[in-house]
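Now for the letters of each chain:
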Amino acid sequence: MTSLVAALSLNPVTDLEQMTEYPFMVNALWAGTIVAVMAGAIGWFMVLRRQTFAGHTLAVTAFPGAAAATFVGLPLAVGYFGACGLGALLLAAVGRDGGSDAADESAAIGTLQAFGLGLGYLFVVLYGGQLSSLEALLFGSFLGITEGQVQALLWIAAAALAVLVVIGRPLLFASVDGAVARAANVPTRALGFGFLVLLALAVAATAEITGALLVFALLVTPAATAQRLTARPGPGIVISVALALAVTWVGLTIAFFSPYPVGFWVTSLSFGVYVAVRLGELIVRRAAVAVPGAHADPEPT
Amino acid sequence: MLGSNGAGKSTLLDVVLGLLPLSGGTATVLGGHPGAGRAGIGYLPQRRTFDSGTRIRGREVVRLGLDGSRWGLPLPAALSSSARAARSRVDEMIELVGAERYASRPIGELSGGEQQRLLIAQALVRGPRLLLLDEPLDSLDLSNQGAVAALVQRICECEGVTVLMVAHDVNPILAYLDRVVYFAAGAAVEGTPREVIQGPTLSRLYGAPVEVLEASDGRLVVVGTPEPPAHHHDRHGGARG
């Protein structure tokens, strides 16, 4: 992965012009925007449902998929989406909606994850062990995105978000309060499976851009930060998407003007925001304890 | 509905909800098949509490009971009158259970008693004719047990709702009971509390000598049941009664 070092002029308009002169940068900005919106929204539900580990496993299964696609000469996207789709089916089979409890589930998911990593390594070795390709699979290829990829991402994201709008409310019910939702005729198992498929789409689309290991910068961190900031679903999803967009745009811009890779900036920025929010929470709580009679209520009506 | 663990109390609730088919006999719920009248039933399952990581406001949990099973996203209250009506209905229920002070905090941060009040509000929000409560006093401390039992009694009278409650300890609710069904050894006895909770009746039900002792404060203690008595902390293992 190459990084360009351009001169930062401190004039935002000229800087933006400089960046958008390069078609690969325009594609990277578009792809990053699409992926950030999808990952921010779906990631919020993933964090709420405590399926972070499942999401991580899907991201890791993206790696053998992409490596296998490289090995047999198929487009990378086929590998990413194929492997994540298969991963979602396997997770649904071992998942808690399939009848096993949380401990069984996480052990089974961990087993799947380890096998996926090993398989990916095998395909990379079979391919000839080209290090640059391994790096792109694991840490992303932000700057090598084509217009065709951007269009494909746009359709996938639009479809995934449309489905999320339709199932969002029952999915929230099933996630927060499964037993009551089931009693109210909400198809909790079907929703659980449908959500895994959406998650697989989001992971595959994100992995294509950020690489298998950095998916979480967009999928988990903004959502986890948003849930610290508010316990209201609507504003929570909006904040999650906004944070994912902000770290993507700022990360791409800094990377353009610095010698260090995009993946590093995007992950560092989202990590920085998360840490700042946790520290802020701590300070607010301390202050509330220090003032007698004050109530540590982060959510006034 | 009283009885020892595993006697079939929660199973009966599943039948009433239409979640479990009967292997024999018939059941009629609100004048129809079990499951057909689901909209007229409010249900509070037996549960452990929401853990502290649940970052959803109590208010949202109540609202999900109202329209959480509908597809599509709700409109903001500023744009739609039905959304405003939904919000005021949620407010009304929160007021009824006395949860105004903490309904806007994340539910995972609330105490067991506070969570239980919000969950009762959730079960009531659609105006059910029948309210099924599975061990609602479980995992509450003694003072909260009394307060929640009194709240359920008040709802029963003010809202005109039939309450069907599963309990393993009769004492916190004894003063409020109209009828008791006692499950044991694959059979059940039904009647007023005083008819059912007495030595001869329970001895016949269990097929073994059982004694009911009355303490000076009116609390009843059942001794000599064939199974070990259901202690409060036994219930946290997740077994369904």
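All values reported here derive from a predicted model rather than from experimental measurement.

Asker: Is there a simple way to think about the overall build of chain B in this case?
Answerer: Counting its secondary structure elements, chain B contains 7 helices and 8 strands. Radius of gyration (C-alpha) of chain B: 19 Å, near the 18 Å computed for a compact globule of 241 residues. Overall, chain B is about 65 × 40 × 30 Å in size when its C-alpha atoms are taken along their principal axes. Residue burial in chain B is summarised as follows: out of 241 residues, 39% are buried.

Asker: For this particular structure, what's the right way to read the overall build of chain A?
Answerer: Helix and strand counts for chain A come out as 13 helices and 0 strands. Moving toward the C terminus, one meets the helices and strands of chain A in the order α-α-α-α-α-α-α-α-α-α-α-α-α. In chain A, which comprises 301 residues, the share counted as buried stands at 47%. Once local pairs closer than 6 in sequence are excluded, the contacts in chain A between residues at least 24 apart make up 73%.

Asker: I tried to follow the sheet that holds strand β2 (residues 41–44) of chain B on my own but got confused; where do I start?
Answerer: Strand-to-strand pairing in sheets goes through backbone hydrogen bonds, with the strands running parallel or antiparallel. Residue and element names in this part refer to chain B. As summarised here, the arrangement of the 3 strands in space is β2-β3-β4, forming an open sheet in which the pairing is parallel. Looking along the sheet, the strands with just one partner apiece sit at the ends: β2 and β4 (162–166). The mean angle between the axes of side-by-side strands here comes to 15°, regardless of whether they run parallel or antiparallel. In this fold helix α1 (residues 9–17) packs onto β2, β3 (130–134) and β4, with an angle of close to 150° to the strand it touches most, β3.

Asker: I keep staring at the sheet that holds strand β6 (residues 187–191) of chain B and nothing clicks. Help me out?
Answerer: Residue and element names in this part refer to chain B. The 3 strands lie next to each other as β1-β5-β6, forming an open sheet whose pairing is mixed. The outermost strands of the open sheet, each flanked by one partner alone, are β1 (2–3) and β6. Summarising the sheet, β1 and strand β5 (residues 180–184) pair through 2 bridges and their orientation is parallel. Of the residues in β5, the one forming a bridge with L2 is Y182.

Asker: What should I look at first to understand the pairing of β2(B) in this one?
Answerer: The side chains of a regular strand alternate, residue by residue, between the two faces of the sheet. Residues and elements named next belong to chain B. The alternating pattern of β2 places I41 and Y43 and G42 and L44 on opposite faces, both of which are buried. The pairing of β2 with β3 spans 4 bridges and is classified as parallel. Residue pairing across strands places L44 opposite L133, the latter belonging to β3.

Asker: I would appreciate a short explanation of the packing of helix α2 (residues 58–67) of chain B against helix α3 (residues 81–96) of chain B in the present structure.
Answerer: The axes of two packed helices give the description: the angle between them and the distance between them. Residues and elements named next belong to chain B. Running from N to C, α2 and α3 cross one another at 120°; their axes reach a closest spacing of 10 Å. Between α2 and α3, the angle falls in the class oblique. Seen from above, α2 lies across α3 with right-handed handedness. In this structure, α2 contributes R59, V62, R63, L66 and D67 to the contact, and α3 contributes A86, R89, V90, M93 and I94. Grouping the amino acids of the contact of α2 with α3 by side-chain chemistry returns 6 nonpolar, no polar and 4 charged.

Asker: How should unusual backbone geometry be read in this particular structure?
Answerer: Among all residues save glycine, negative phi is the norm, and among peptide bonds the norm is trans. Residue and element names in this part refer to chain A. The residue R50 is not glycine, and still its phi comes out positive at about 55°. Within the secondary structure, R50 is located in the loop between α2 (23–48) and α3 (52–72). The phi dihedral of N185 is positive, around 70°, even though this residue is not glycine. Mapped onto the elements of the fold, N185 is located in the loop between α8 (178–183) and α9 (188–210).

Asker: Got a minute to help me understand the interface of chain A and chain B in this structure?
Answerer: Note: interface size is frequently given as the accessible area lost on complex formation between the parts. Between chain A and chain B, the contact holds 25 residues from the first and 25 residues from the second. Sorting elements by how many residues they give to the side of chain A that touches chain B places helix α7 (residues 147–176) of chain A first, with 9 residues. Residue composition of the side of chain A that touches chain B, grouped by class: 16 nonpolar, 4 polar and 5 charged.

Asker: Sorry, what's going on with the nonpolar core here?
Answerer: Generally speaking, soluble globular proteins have nonpolar side chains that are buried together. All names here are of chain A. One finds M38, I42, A62, L199, A202 and V203 to be the most contacted residues of the largest nonpolar core, which totals 151 residues. Ranked by residue count, the leading element in this core is α2, at 17 residues. When sequence neighbours within four positions are dropped, the list of residues in contact with I42 reads A160, L164, L198, L199 and A202.

Asker: I'm lost on the packing of helix α11 (residues 221–229) of chain A against helix α13 (residues 262–290) of chain A in this one. Help?
Answerer: Residues and elements named next belong to chain A. Interaxial distance between α11 and α13 falls to 9 Å at its minimum, and their mutual angle equals 20°. Our classification of the angle between α11 and α13 gives roughly parallel. The two elements α11 and α13 meet at a crossing, and its hand is left-handed. For the pair formed by α11 and α13, the contact residues are T221, P222, A224, T225, R228 and L229 on the first element and S270, F271, V273, Y274, V277, R278 and E281 on the second.

Asker: I tried to follow the environment of A:W44 on my own but got confused; where do I start?
Answerer: As for its position among the elements, A:W44 is in helix α2. In sequence terms A:W44 and A:L112 are 68 residues apart; their C-alpha atoms lie 24 Å from each other.

Asker: When you look at α3(A) in this model, what are you seeing that I'm missing?
Answerer: Counting along an α-helix, one turn takes 3.6 residues, and residues three or four places apart therefore face a common direction. Residues and elements named next belong to chain A. Spanning 21 residues, α3 covers 31 Å between terminal C-alpha atoms, matching the ideal 30 Å at 1.5 Å per step. Most of α3 is tucked away: 17 of the 21 residues are buried. Backbone geometry just after α3 places G73 at a positive phi near 85°.

Asker: Help me understand the confidence of the model for chain A, please; the structure alone is not making it clear to me.
Answerer: Keep in mind that low pLDDT regions are not for reading the predicted coordinates in detail. Averaged over all residues, the pLDDT of chain A is 84; the fraction at 70 or higher stands at 89%. Between residues 293–301 of chain A, whose pLDDT stays under 50, and residues either more than four places distant or in other chains, the model counts 13 contacts.

Asker: What's the story with the environment of B:E114 in this structure? I'm lost.
Answerer: Residue and element names in this part refer to chain B. Relative to the helices and strands, E114 resides in helix α4 (residues 112–124). A tally of 21 C-beta atoms within 10 Å means that E114 is categorised as buried. Measuring from C-alpha to C-alpha, the distance between E114 and G68 comes to 21 Å, with 46 residues separating the pair along the chain. If we skip the residues at most four places from it in the chain, E114 touches A99 and Y102.

Conventions we followed
- Residues numbered from 1 in each chain as written.
- Chains lettered and ligands numbered in written order.
- Predicted model: local features only at pLDDT ≥ 70, side-chain atom pairs only at ≥ 80, totals over all residues.
- Helix = DSSP H or I, 4+ residues; strand = E, 2+ residues; numbered from the N terminus.
- Rg over C-alpha atoms; globule rule 2.2 N^0.38 Å.
- Buried ≥ 20, exposed ≤ 12 C-beta atoms within 10 Å, placed from the backbone.
- Contact = placed C-beta atoms within 7 Å.
- Pairing = 2+ DSSP bridges.
- Axes fitted to C-alpha atoms, helices over the stretch in contact; angles between N-to-C directions.
- Parallel < 35°, antiparallel > 145°, perpendicular 65-115°, else oblique.
- Left-handed = near helix turned anticlockwise from the far one by under 90°.
- Nonpolar A, V, L, I, M, F, W, Y, C, P; charged D, E, K, R; others polar.
- Core = buried A, V, L, I, M, F, W, Y, C linked by C-beta atoms within 7 Å.
- Expected span 1.5 Å × (residues − 1).
- pLDDT = per-residue confidence, 0-100.

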